[in-house]
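The primary structure of each chain is shown beneath.
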There are 2 protein chains.
Amino acid sequence: MILSTKGRYGLKAVFELSMNYGLGPVSLRKISGKYSISESYLEQLFAKLRKEGYIETVRGPRGGYLLAMEPEKITVGMILRALEGDITTSECISKDVCSREAICATRVIFEKIENSISDVIDNITLADMQVKKNILMEETDEQETIS
Amino acid sequence: MILSTKGRYGLKAVFELSMNYGLGPVSLRKISGKYSISESYLEQLFAKLRKEGYIETVRGPRGGYLLAMEPEKITVGMILRALEGDITTSECISKDVCSREAICATRVIFEKIENSISDVIDNITLADMQVKKNILMEETDEQETIS
DNA sequence: ATATACCCTACTTAATTACTGGGGATTGTG
DNA sequence: CACAATCCCCAGTAATTAAGTAGGGTATAT
């Protein structure tokens, strides 16, 4: 499993905010309830996202969280990296061997993997996710729910 | 860090075998010494690869490990999956919500990530790695060792 | 005033990773 | 044939990370 619950829960939750963009704040309780995620755990994830400037908060009754910018401006990569840390595959096992061999054959592979992941996550915004979702839901409607 | 030492050590070690393809077995001690990997740990990784049929062993003095097939026939993906298990990004957080929503917007993302990783690792063989390495080493030779 | 929300830090539990150790089986070599 | 080199296998352990809990504090709409 490449992503931990941090990234998975976090992306779901942010997507939820994005679906409510422009409609005021959404409370932790609502989101954690909907996805059965521990409220306190999710709070910690949101704290990271807030520090990175992707979400904002409104305190007090009827308060909650909201996106700090348009869904078009936030990529999946921003969220995943904020929560999971940098998505790297490897550091060199032994710098010694690496420098002796001038170039590490395996490092090339790992860099390719990293780049292909970045290609995906940096090129999908929250807005894209919403579009994608709508398209897919129409498709399933037409076909009477496959799965 | 997406890959653990299992995949990283393992791929290095198998690559080492591939460089010795056709020249007889290579002992654990040599490989673990070269890369400063615990002999016993590497042994466990090799055990998995042997069970999957990628490497073979010769016991007794002058024995060791060797590829069970040509480097052209073994992909990076085979090795990484044997060692790390399936490279999946996620399971659904809550089946309930997923089915209620008909389709999970985040799942689409995770599948894309998985596919792009597979694209990379299933299309590089050990033989490719060797070629790549040679090309890169020539480049560095010409330029008087950059790093 | 008070209930509803976020804010923050520390602790705990569970799982996984990354080893370590040791006894056993095979086999080429002197 | 003895013996050292090598793989084989299983069990244990230490370290790290992930995942979740707990609780007291602050802001604010009503």
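For the structure, check the block above.
First, a word on scope: everything that follows refers to the structure included in this document. Quick caveat: nothing in here was measured; it's all calculated off a predicted structure. (Residues numbered from 1 in each chain as written. Chains lettered and ligands numbered in written order. Predicted model: local features only at pLDDT ≥ 70, side-chain atom pairs only at ≥ 80, totals over all residues. Heavy atoms only, no water.)

### Re unusual backbone geometry
Alright, step 1. We note that A:Ser36 has phi near 55°; this positive angle belongs to a residue other than glycine.
Alright, step 2. Taking the relative accessible area as the measure of exposure, A:Ser36 reaches 59% and is therefore exposed. (Buried < 20%, exposed > 50% of the residue type's maximum accessible area, 1.4 Å probe, protein only.)

### Some details on the pairing of strand β1 (residues 55-58) of chain B
All names here are of chain B.
Alright, step 1. Bridging between β1 and strand β2 (residues 64-67) involves four bridges; their strand directions are antiparallel. Considered in β2, the bridge of Val 58 is made with Gly 64.
Alright, step 2. What sits between β1 and β2 in their antiparallel hairpin is a turn of five residues, with Gly 60 showing a positive phi close to 85°. (Pairing = 2+ DSSP bridges. Helix = DSSP H or I, 4+ residues; strand = E, 2+ residues; numbered from the N terminus.)

### Some details on the relation of the copies chain B and chain A
Alright, step 1. Expressed as a screw operation, the relation of chain B to chain A combines 0.0 Å of axial shift with a rotation of 180°, fitting to an RMSD of 0.0 Å. The superposition operator between the copies reduces to a two-fold rotation axis.
Alright, step 2. Residue by residue, 100% of the interface of chain B is reproduced at the interface of chain A, so both copies engage with the same surface. (Least-squares fit on C-alpha atoms with pLDDT ≥ 70 in both. Contact = heavy atoms within 4.5 Å.)

### Some details on the interface of chain B and chain A
Alright, step 1. In this complex, chain B contributes 44 residues to the contact, which on the side of chain A involves 44 residues.
Alright, step 2. Carbon and sulfur atoms supply 75% of the area buried between chain B and chain A, which totals about 4,500 Å² over both sides.
Alright, step 3. The interface formed by chain B and chain A holds zero salt bridges in total.
Alright, step 4. Inspection of the region where chain B meets chain A yields two residue pairs in polar contact (both at pLDDT 80 or more).
Alright, step 5. Mapped onto the side of chain B that touches chain A, the elements with two or more residues apiece are α1 (5-19), α2 (28-35), α4 (76-84), α5 (95-100), α6 (105-121) and α7 (126-142) of chain B.
Alright, step 6. Along the lines of polarity and charge, the residues of the side of chain B that touches chain A split into 28 nonpolar, seven polar and nine charged. (Buried area = accessible area lost by both parts, 1.4 Å probe. Salt bridge = Lys/Arg side-chain N within 4 Å of Asp/Glu carboxyl O. Polar contact = N/O pair within 3.5 Å; in protein donor to acceptor, adjacent residues only side chain to side chain. Nonpolar A, V, L, I, M, F, W, Y, C, P; charged D, E, K, R; others polar.)

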